Amino acid sequence: MSEAKTDKPIKKRKIKLDEELLAYRGVWVFVESERSHVHPVSWELMGQGRRLADQLGVELCGVVMGAPGPDLEAQCQAAFAYGADRCYRIASPVLAEYRNVPFTRALTDLVNAHKPEILLLGATTLGRDLAGSVATTLKTGLTADCTELAIDPEDRCLLSTRPTFGGSLLCTIVTLNYRPQMATVRHRVMPMPDPQPERTGLIVDFEAGLIETDIVTKVLEFIPDDQRDKPQLPYAEIVVSGGKGLGKAENFKHVWDLAKVLGGEVGASRAAIHAGWISADRQVGQTGKTVRPALYIAAGISGAIQHRVGMEGADCIIAINNDPNAPIFDFAHYAIVGDCNQVLPALGRTFAGYLAHQGS
Ligand SMILES: Cc1cc2nc3c(=O)[nH]c(=O)nc-3n(C[C@H](O)[C@H](O)[C@H](O)COP(=O)(O)OP(=O)(O)OC[C@H]3O[C@@H](n4cnc5c(N)ncnc54)[C@H](O)[C@@H]3O)c2cc1C
């Protein structure tokens, strides 16, 4: 997903960057952490940031912010392992919990001091909140929820591609006259790079001068989101998804059965969710979850673009559809043309037999 899949050359006006903005250099990734836990999207972005920085011939930098302590040091080391050359570290007790105002102030001051040309954040709840206020404070361009990032070699511009018009089109957006060029990217859209623990880099401390009494927002309590009983679709190695082609609610059982045999998670298209066959937290796609499993089985799913953008990063896609012209066959690795209500149980029986044989 690192190269923009645009067939036609992108027509854009010539850049007329102000003299002062021409000096902006480097690719930055905001390292998002909460309670000592770095969001994996930060490392996915580091992998992509490395490719962009290499293409531009510049440094890749991480931005690490939080309360002073060993966590920040560990996050810088992890950022180096995932590809960063340098980390800007902002340590302040005011940054112990995420709040928009101090984080925006610290990040905008850091950008103004060290002038990156590209700034990437995860399109998480935190990342979207922070990116929007940083971009408006800096008066620069931000493309939210990108699915591809690439560089135009002609003018070093960041080409940020994202679905638009309800996902029916992919558009590539460029920030011509302002710097940094900002983008947010969803979790699991970019592949996770392999960490290289031997890599090291330079830590640069930045004094943000934050004063607690200047900040009106206070965090009174932290209530953790109990995810234990919720589907862990984004991380699942195997996902079996069902769509409208299953015909009726009871037939969703075939999807559950196959997922159980394979030890995978159950997903669904939006049409299946709208039909009330399965809960909304299992929706895969643009307005649902992005998954990146080793194996994705799509049963009775047409392959609409809004579904596709949530699962096309799977290593292997097997589609079952009774219409040989279904769009999903355009990008599935294996196509099974047939009735999913017959094929799913048959696959379940075959895999169960095979796996039992493997285990003996
Ligand atoms: C703003 C917006 C956001 C959206 N977000 C999402 C999203 O996040 N996720 C999502 O999935 N959709 C999303 N959609 C909806 C999306 O456009 C499609 O409508 C939806 O994905 C279709 O679901 P489906 O493939 O299950 O159903 P259908 O389009 O009805 O397709 C059913 C398929 O099953 C096949 N079929 C029928 N009977 C059988 C059978 N017996 N055996 C095998 N195959 C059979 C048919 O040939 C057909 O291809 C969004 C739409 C909009 C406008």
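Residues numbered from 1 in each chain as written. Predicted model: local features only at pLDDT ≥ 70, side-chain atom pairs only at ≥ 80, totals over all residues. Heavy atoms only, no water.

**Looking at the overall build of the protein**
Part 1: In terms of helices and strands, the protein carries 8 helices and 17 strands.
Part 2: Whereas a compact globule of 360 residues would reach a radius of gyration of roughly 21 Å, the protein reaches 22 Å, a difference of no more than 12%.
Part 3: C-alpha extents for the protein along the principal axes are approximately 65 × 50 × 40 Å.
Part 4: Of all 360 residues assigned to the protein, the portion counted as buried reaches 51%.
Part 5: Considering only intrachain contacts with a sequence separation of at least 6, the fraction spanning at least 24 residues in the protein is 68%.
Part 6: Total accessible area on the protein is roughly 17400 Å²; 53% of this is exposed by carbon and sulfur atoms.
Part 7: For the protein, the separation between the mean place of its 37 positive charges and that of its 42 negative charges on side chains is 5 Å. (Helix = DSSP H or I, 4+ residues; strand = E, 2+ residues; numbered from the N terminus. Rg over C-alpha atoms; globule rule 2.2 N^0.38 Å. Buried < 20%, exposed > 50% of the residue type's maximum accessible area, 1.4 Å probe, protein only. Contact = heavy atoms within 4.5 Å. Areas by Shrake-Rupley, 256 points an atom, 1.4 Å probe, with all protein chains shown as cover. Lys, Arg positive; Asp, Glu negative; His and termini not counted. Charge placed at Lys NZ, Arg CZ, Asp CG, Glu CD.)

**Comments concerning the domain arrangement of the protein**
Part 1: Here the domain parsing of the protein yields domain 1 (19-214) and domain 2 (233-357).
Part 2: Between domain 1 and domain 2, the C-alpha centre-to-centre distance is 34 Å.
Part 3: At the interface, 11 residues of domain 1 touch 12 residues of domain 2.
Part 4: When domain 1 packs against domain 2, close to 1100 Å² is buried across both sides, 46% of that on carbon and sulfur atoms.
Part 5: There are 0 salt bridges connecting domain 1 and domain 2.
Part 6: Linking domain 1 to domain 2 there are 7 residue pairs in polar contact (both at pLDDT 80 or more). (Domains from an automatic or database assignment. Buried area = accessible area lost by both parts, 1.4 Å probe. Salt bridge = Lys/Arg side-chain N within 4 Å of Asp/Glu carboxyl O. Polar contact = N/O pair within 3.5 Å; in protein donor to acceptor, adjacent residues only side chain to side chain.)

**A closer look at the sheet that holds strand β8 (residues 148-152)**
Part 1: Spatial strand order, β8-β9-β10: 3 strands in an open sheet with antiparallel pairing. Single-partner strands in this sheet number two, and they are β8 and β10 (169-173). On average, each strand axis in the sheet is tilted by 30° relative to the strand beside it, whichever way the strands run.
Part 2: Relative to β10, strand β9 (residues 157-164) runs antiparallel, the two being bridged by 5 bridges. By the bridge assignment, R162 is partnered in β10 with C171.
Part 3: Running over the sheet, helix α1 (residues 40-56) touches β8 and β9 and is turned about 5° from β8. (Pairing = 2+ DSSP bridges. Axes fitted to C-alpha atoms, helices over the stretch in contact; angles between N-to-C directions.)

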